[in-house]
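Here is what each chain is made of, one letter per residue.
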Amino acid sequence: MASVIIKHIASRCVLRTYKKSIRVCWTRPLCASTNDTGNAAKSERGNKAPKIYTKTGDKGFSSTFTGERRPKEDGVFEALGATDELSCAIGLAREFCIDQGHAFTEELEKIQCVLQDVGSNIATPQSSARQSHLKKTMFSGHPLSDLERWIDKYTEELPPLTNFILPSGGKSSAALHVARSVCRRAERSVAPIVRSREVDAEVAKFLNRLSDYLFTVARYAAMKEGNRETIYRRPE
């Protein structure tokens with residue numbers, strides 16, 4: 001899959017093609033704009049390939065999808081970075097789960113693609129967005145219902161949770177717990193910009209439910225692999 005979310009929006013070409021790349025996120029680079037596609041075709045004929053770096057962020061500023069220049073420590077880019085990290089963590093966990101033959105790996109891939117939509121919405125602050133921007137990057141609540149359906153499905157198979165558990169249960173499970181904790185941080189980073197109405201409220205709801213999903217499939221992975229989850233006990 002293409003490099004996730006992007007290097008905190010190093011260039012606008014990535015964001016212009018977000019919605020297109022989401023539909024084919026497993027086959028096409030995120031920054032393959034029309035011009036880049038032409039360059040790529042030329043490079044196959046022997047011409048020099050385009051450079052990956054743009055140097056536009058060298059002074060500590062980046063551009064939103066709306067063209068607004070903001071410091072890289074701005075809340076929008078903090079949220080983008082956390083969402084990028086979340087997709088990376090899920091990708092790593094997914095590789096462990098593939099090795100174990102877990103059927104829910106397709107769900108994890110879909111979630112990574114949805115996180116591209118999340119990043120697109122975050123990168124479009126509503127205070128500076130035109131209607132054309134909002135139309136391209138609006139975040140739908142449909143993925144939320146998918147998460148809830150999956151959570152309910154796996155919960156029915158799991159034993160009741162009667163104690164606090166520690167991240168454990170094998171490599172797949174532990175990696176999913178790491179992704180869950182990153183998801184919580186992404187949710188915290190999104191909360192302020194959702195309250196300021198810069199981002200669609202459905203984004204925060206999705207991240208909140210996603211952490212529940214990751215917790216559930218972490219336990220499910222441990223159960224399917226026959227691994228014991230470590231129960232919290234107060235140190236003596």
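Look up a bit, the structure's there.
Just so it is clear, the structure is predicted and the values come from calculations on it, not from any experiment.

Asker: I keep staring at the pattern of salt bridges and nothing clicks. Help me out?
Answerer: Overall, the coordinates contain 11 salt bridges when judged by the stated rule. Here Arg70 and Asp74 are joined by a salt bridge, their closest N and O atoms 3.0 Å apart. A residue is classified by how much of its surface remains accessible, and Arg70, at 10% relative accessible area, is buried. Accessibility expressed as a relative area gives 21% for Asp74, which makes it partly exposed. Its salt-bridge partner being Arg149, residue Asp146 comes within 3.0 Å of it at the nearest N-O pair. One end of the pair is Asp146 and the other is Arg149, both in helix H7 (residues 142-155) and three residues apart, which spans about a single turn. For Arg149, a relative accessible area of 49% translates into the label partly exposed.

Asker: Where do I start with the environment of Val114 in this structure?
Answerer: As for its position among the elements, Val114 is in helix H5 (residues 105-122). Residue Val114 is classed as buried on the basis of its relative accessible area of 16%. Taking C-alpha positions, Val114 is 7.4 Å from Pro143, a pair spaced 29 residues apart along the chain.

Asker: Sorry, what's going on with the nonpolar core here?
Answerer: Looking at soluble globular proteins, one finds that nonpolar side chains tend to be buried together. Formed by 45 residues in total, the largest nonpolar core has its most connected members in Leu86, Phe104, Leu176, Phe206, Leu210, Tyr213 and Leu214. Contributing elements (two or more residues each) for this core: helix H4 (75-99), H5, H7, helix H8 (171-195) and helix H9 (201-225). Here the element with the most residues in this core is H9; it accounts for 11 residues. Contact partners of Leu214, with chain neighbours within four places excluded, come to Leu86, Ile90, Leu108, Leu176, Ala179, Arg180 and Cys183.

Asker: Is there a simple way to explain the side chain of Arg219 in this structure?
Answerer: Here Arg219 shows up in helix H9. In this structure Arg219 comes out as buried when scored by relative accessible area, which is 9%. There is a polar contact of 3.3 Å between the side chain of Arg219 and the backbone oxygen of Pro159. When sequence neighbours within four positions are dropped, the list of residues in contact with Arg219 reads Leu158, Pro159, Pro160, Leu161, Ile165, Ser173 and Glu229.

Asker: Would you take a moment to explain the side chain of His177 for this structure?
Answerer: Tracing the backbone through its elements, the reader meets His177 in helix H8. For His177, a relative accessible area of 3% translates into the label buried. If near-sequence neighbours (up to four positions away) are discounted, His177 is found in contact with Ile165, Pro167, Ser168, Phe215 and Ala218.

Asker: Sorry if this is basic, but what is going on with unusual backbone geometry here?
Answerer: One can expect most non-glycine residues to show negative phi and most peptide bonds to be in trans. Here Lys55, not a glycine, exhibits a phi torsion of approximately 70 degrees, which is positive. Positioned with a positive phi, Arg197 is a non-glycine residue whose angle comes to about 65 degrees. Looking at the element boundaries, Arg197 is found in the loop between H8 and H9.

Asker: What should I look at first to understand H7 in this one?
Answerer: Since the α-helix packs 3.6 residues into each turn, any two residues three or four apart lie on the same face. Taking 1.5 Å per residue, 14 residues should reach 20 Å; H7 reaches 21 Å between its end C-alpha atoms and fits that length. Those residues of H7 lying buried are Pro143, Leu144, Asp146, Leu147, Trp150, Ile151 and Tyr154. An end-on view of H7 places all buried positions within 160 degrees of arc, on one side of the element. Residues of H7 that are buried make contact with H5 and H9.

Conventions used here
- Each chain has its residues counted from 1, following the order in which its sequence is written.
- Residue-level local features of this predicted model are given only where pLDDT is at least 70; pairs of side-chain atoms are given and counted only at 80 or more, and the full residue set underlies all totals for whole chains, interfaces and linings.
- In computing side-chain values, all of the structure's heavy atoms are included and hydrogens and water are not.
- Salt bridge criterion: a side-chain nitrogen from Lys or Arg within 4 Å of a carboxyl oxygen from Asp or Glu.
- To sort residues, take the accessible area from a 1.4 Å probe on protein chains only and compare it with the maximum for the residue type: under 20% means buried, over 50% means exposed, and anything in between is partly exposed.
- Going along the chain from the N terminus, every DSSP run of H or I of four or more residues is numbered as a helix, and every run of E of two or more is numbered as a strand.
- The definition of a nonpolar core used throughout is a set of buried Ala, Val, Leu, Ile, Met, Phe, Trp, Tyr and Cys residues joined through side-chain atoms within 4.5 Å.
- Every residue pair with non-hydrogen atoms within 4.5 Å of one another is taken to be in contact.
- Identification of polar contacts relies on pairs of N or O atoms within 3.5 Å, with a donor-acceptor requirement for protein atoms, meaning one able to donate a hydrogen and the other able to accept it, and with residues adjacent in sequence counted only if both atoms are side-chain atoms.
- A helix is expected to span 1.5 Å multiplied by its residue count minus one.
- Read the arc as the range of directions from the helix axis to the C-beta atoms.

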